[in-house]
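Chain by chain, the residues run as shown.
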Amino acid sequence: MRMVDVINHKRNGSALTKAELHAFVSGYTDGTIPDYQASALLMAIFFNGMTDEEQSELAMQMLNSGDQLNLSSIPGIKVDKHSTGGVGDKTSIPLAPMVAALGIPVPMISGRGLGHTGGTLDKLEAIPGFQVELTEEAFKKQVADIKVAIIGATGNVAPADKKIYALRDVTDTVDSIPLIAGSIMSKKIASGTDALVLDVKTGTGAFMKTEEEAASLAKALVSIGQNVGLECMALISDMNQPLGNMIGNALEIQESIDILRGKGPDDITDLVLTLGSQMVVLAHQAESLGEARAKLEAVIENGVALAKFKELITAQGGDARVVDDPTLLPQAAYQIELPAKTSGVVAKLTADEIGVAAMLLGGGRQAKSDEIDYAVGIALHKKIGDPVQTGESLLTIYANQPDVSAIKDLLYDNIEVARQATPPVLIHQIIK
């Protein structure tokens, strides 16, 4: 099979066959197909799209290029959750122990942050001693023993995706829905779970800025999952303002603990319970979403979910005392208020730029090699729709540097106070 013929088929709008996709993925991974031909095919996919069958086959070919976890030795329906990322999105941290507290296995493989988007692994590493790297055997044993583990990718998962993504990054083909969906699902299917709940973000702090784009991606992800036999659903949630009140690694651990105590902000608590309810239903531990939500609320109220979080921390080498004493988490040297310049109602909190402000404090990475300051970040005191008076604090900046004037300017540029505003709707759509 000549690669030029494969490129020709997709350039002319034809659907690629299983054999053609196999030839592309395997050939590019082993180096027999050069970058210039792979780039041409990626651009043809970018402009002509893919059918549901093509998307699923691309994901499976990338999946089959590397290692796959086999979790069949763990009893029960294994359920995971994946988010497309956002600012203040610490959802996985309270969600995993909450669902596991109901006896549902939650083998969660998470990622790190880059740019304005925070990573679950970075947040967990703010807990002294917490280890996100486990062997496959240790990961399986922990999920079997305590029902939950949150780790980074193990082994050589989807090497084709790593290589293809690097090429997409330099050929301006990153924002192709079939390629995004194939990339995400190749790694999630490789993790060996039986069911998957997807949280696709939309808004200023999301990769998919419009609800239409987010819905297209969500449908592609669910289609791939269902086509390969994975129980799968997606919801589209809002990222026009940061999620919750805390942005920054140690700060988001504190907020996660608050959620597990039943004292978290309304928006992120609602999202955690909404995602968790879907996970419980997919695990066949409730017949309805209402029943599932009631079960999750019960393990918050009786303390079982918080105890499970302590168990998770201890199992992965962390200091579980942080749950009862957050001062054991990294602490910033300076807490600096940002006062409102006018009275009114908060009308805008541009999520991505507020995330950039937290990154510039040292709480995120501009390059993969950057080190993170776990203590720094931003605590919001006002969200969209909240009234504010002149001089009242909009937020607190947690910094390890006394001069944050440039950060303040950035924040003022991306916070708007007006006469009136309507808070955004948190859950936009559910796609099954």
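The rules behind these values
Residues numbered from 1 in each chain as written. Predicted model: local features only at pLDDT ≥ 70, side-chain atom pairs only at ≥ 80, totals over all residues. Heavy atoms only, no water. Phe/Tyr/Trp six-rings, centres within 6.5 Å; stacked < 30°, edge-to-face > 60°. Helix = DSSP H or I, 4+ residues; strand = E, 2+ residues; numbered from the N terminus. Buried < 20%, exposed > 50% of the residue type's maximum accessible area, 1.4 Å probe, protein only. Lys NZ or Arg CZ within 6 Å of the ring centre and 35° of its normal. Salt bridge = Lys/Arg side-chain N within 4 Å of Asp/Glu carboxyl O. Pairing = 2+ DSSP bridges. Domains from an automatic or database assignment. Contact = heavy atoms within 4.5 Å. Buried area = accessible area lost by both parts, 1.4 Å probe. Polar contact = N/O pair within 3.5 Å; in protein donor to acceptor, adjacent residues only side chain to side chain. Nonpolar A, V, L, I, M, F, W, Y, C, P; charged D, E, K, R; others polar. Right-handed = clockwise from strand over helix to strand, strands pointing away. Core = buried A, V, L, I, M, F, W, Y, C linked by side-chain atoms within 4.5 Å.

Chemist: Hey, could you go over the packing of aromatic side chains for me, with residue numbers and the actual values?
Modeler: Counted by the stated rule, this structure contains two aromatic pairs. Arranged with centres 6.5 Å apart and planes meeting at 15 degrees, the rings of Phe24 and Tyr28 form a pair that is stacked. A residue pair is termed a helical-turn pair when its members lie 3 or 4 positions apart in one helix, as Phe24 and Tyr28 do in helix H2 (residues 18-30) at four residues. For Phe24, a relative accessible area of 2% translates into the label buried. Judged by its relative accessible area of 4%, Tyr28 is buried. With centroids separated by 5.2 Å and ring planes inclined at 85 degrees, the aromatic side chains of Phe46 and Phe47 adopt a geometry described as edge-to-face. Positioned over the ring face of Tyr28 is Lys163, at 4.8 Å from the centre of the ring. The lysine or arginine in question, Lys341, covers the ring of Tyr412, its NZ or CZ lying 4.1 Å from the ring centre.

Chemist: Tell me about the pattern of salt bridges, and name the residues and values.
Modeler: For the structure on display, the rule yields 25 salt bridges. Put simply, Asp122 and Arg365 hold a salt bridge, and the shortest N to O gap is 2.9 Å. Within this pair, whereas Asp122 is found in helix H6 (residues 120-124), its partner Arg365 is found in the loop between helix H15 (351-363) and strand S9 (377-380), the two being separated by 243 residues in sequence. Judged on exposure class, the residue Asp122 and its partner Arg365 are both buried. Salt bridges linked by common partners bring Lys90, Lys123, Glu252 and Glu255 together as one network.

Chemist: I'd like a rundown of the sheet that holds S9, residues and numbers included.
Modeler: In sheet architecture, strand pairing relies on hydrogen bonds along the backbone and comes in two forms, parallel and antiparallel. The antiparallel open sheet is built from four strands, whose spatial order is S6-S9-S11-S7. At either margin of the open sheet sits one strand with a lone partner, and together these are strand S6 (246-247) and strand S7 (334-339). With four bridges connecting them, S9 and strand S11 (residues 393-399) associate as antiparallel partners. Paired with Leu380 across the strands is Leu395, a residue of S11.

Chemist: Report on the domain arrangement of the chain, specifying residues and quantitative values.
Modeler: In terms of domains, the chain is made up of domain 1 (3-49), domain 2 (79-323) and domain 3 (331-418). Put simply, the middle of domain 1 and the middle of domain 2, counted by C-alpha atoms, are 32 Å apart. Listed per partner, the contact involves 13 residues of domain 1 and twelve residues of domain 2. For the pair domain 1 and domain 2, the two sides together bury roughly 1100 Å², of which 79% comes from carbon and sulfur. It is Tyr28, Leu42 and Phe46 that lose the most area in domain 1 upon contact with domain 2, and together they represent 50% of the buried surface on that side. The tally of links from domain 1 across to domain 2 stands at zero salt bridges. The tally of links from domain 1 across to domain 2 stands at one residue pair in polar contact (both at pLDDT 80 or more). Broken down by secondary-structure element, the contributors of at least two residues to the side of domain 1 that touches domain 2 are H2 and helix H3 (35-48). Ranked by residues supplied to the side of domain 1 that touches domain 2, first place goes to H3 with seven residues. Residue composition of the side of domain 1 that touches domain 2, grouped by class: eight nonpolar, four polar and one charged.

Chemist: Quick one: what's the story with the pairing of strand S5 (residues 231-238), residue by residue and with numbers?
Modeler: Counting buried positions along S5 yields seven of eight residues, so the element is predominantly enclosed. Between the parallel pair strand S4 (residues 195-202) and S5, the chain is carried across by helix H10 (residues 211-227), and the sense of this crossover is right-handed. Here four bridges tie S5 to strand S13 (residues 427-431), and the two strands are oriented antiparallel to one another. Bridging from a neighbouring strand, Ser237 pairs with Ile427 of S13.

Chemist: Give me the environment of Ser223: which residues, what numbers.
Modeler: Summarising the element assignment, Ser223 is placed in helix H10. The contact partners of Ser223, leaving out residues within four places of it in the chain, are Asp52 and Ser56.

Chemist: So, the sheet that holds strand S12 (residues 415-418): which residues are in play, and what are the values?
Modeler: Across the sheet, which stays open at both edges, the three strands sit in the order S10-S8-S12 with antiparallel pairing between neighbours. Each of the sheet's edge strands pairs with one partner strand only, and the pair in question is strand S10 (387-388) and S12. Pairing between strand S8 (residues 344-349) and S10: two bridges, direction antiparallel. Residue Gly344 lies in a different strand from S10, and its bridge partner there is Val388.

Chemist: Before we move on, could you go through the nonpolar core and cite the residues and values that matter?
Modeler: Judged by nonpolar contacts, the single largest core of 82 residues is most densely connected at Met98, Ile127, Phe309, Ile378, Leu395, Ile397 and Leu411. Counting only domains with at least three residues in this core, you end up with domain 2 (79-323) and domain 3 (331-418). Among all residues touching Phe309, those that are not within four sequence positions of it are Ile93, Pro97, Ile127, Ile257, Leu260 and Val323. Among the nonpolar cores identified, the runner-up in size contains 27 residues, and Ala59, Val157, Leu198 and Ala220 belong to it.

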